[in-house]
Amino acid sequence: MNDPRYEIERINHRTGSTVHLHLIGAFDRDAHRVLRAGMRDAFASGRRGHLVVVDMARVETIGSECIELLLIGYTRAMRGGHGYDIVHAAGHVRQALALTGLCEPETLYSPVTATAP
């Protein structure tokens, strides 16, 4: 699945129990069809207990359409008894995913620390 702005590399684990989707580039409105197809294929190739890992290490930007697809993937995994993990998100991509609960925030804000006079 290639486009000048985005790409998905799919790697299947030898036992067939895990599929890694490595997302590369800008996952905005233009990429949502490709991501939808990639997610559909990743889940279709497995049975209960199957694990889908979405690696976000090389994602530059992510739009709301693609975030919605990642949420749909989570729901599909929960309903189908599959494992689902989003890994290596960084920067503003991680912050956007953390707001949806798809990954834990590193630090979205720093609480004000009270100091005694």
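See the structure above.
Notes on the structure follow. For clarity, every value in this text was computed on a predicted model and none was experimentally measured.

Considerations on the overall build of the protein
Counting its secondary structure elements, the protein contains 3 helices and 4 strands. For the protein, the sequential pattern of α-helices and β-strands runs β-β-α-β-α-β-α. Taking all contacts inside the protein whose residues are at least 6 apart in sequence as the whole, residues at least 24 apart take part in 64%. Surface accessibility of the protein: about 7,400 Å² in total, with carbon and sulfur atoms responsible for 51%.

Focus: the sheet that holds strand 1 (residues 6-12)
Strand order in this open sheet of 4 strands is 1-2-3-4, and the pairing throughout is mixed. Only two strands of the sheet have a single partner each, and these edge strands are strand 1 and strand 4 (83-87). The average undirected angle you get between the axes of adjacent strands in this sheet is 15°. Judged from the 9 bridges that link them, strand 2 (residues 18-27) and strand 3 (residues 51-62) form a sheet pairing that is parallel. Opposite F27, over in strand 3, you have I62 as the bridge partner.

So, the pairing of strand 4
Note that strand 3 and strand 4 share 5 bridges and pair parallel. Residue D55 lies in a different strand from strand 4, and its bridge partner there is V87. Handedness of the strand 3-helix 2 (residues 64-80)-strand 4 crossover: right-handed.

What to know about unusual backbone geometry
In this model, H88 sits at a positive phi of 65°, which is unusual for a non-glycine residue. Mapped onto the elements of the fold, H88 is located in the loop between strand 4 and helix 3 (91-100).

Calculation notes
Residues numbered from 1 in each chain as written. Predicted model: local features only at pLDDT ≥ 70, side-chain atom pairs only at ≥ 80, totals over all residues. Heavy atoms only, no water. Helix = DSSP H or I, 4+ residues; strand = E, 2+ residues; numbered from the N terminus. Contact = heavy atoms within 4.5 Å. Areas by Shrake-Rupley, 256 points an atom, 1.4 Å probe, with all protein chains shown as cover. Pairing = 2+ DSSP bridges. Axes fitted to C-alpha atoms, helices over the stretch in contact; angles between N-to-C directions. Right-handed = clockwise from strand over helix to strand, strands pointing away.

Any functional reading would require information beyond the geometric quantities listed.
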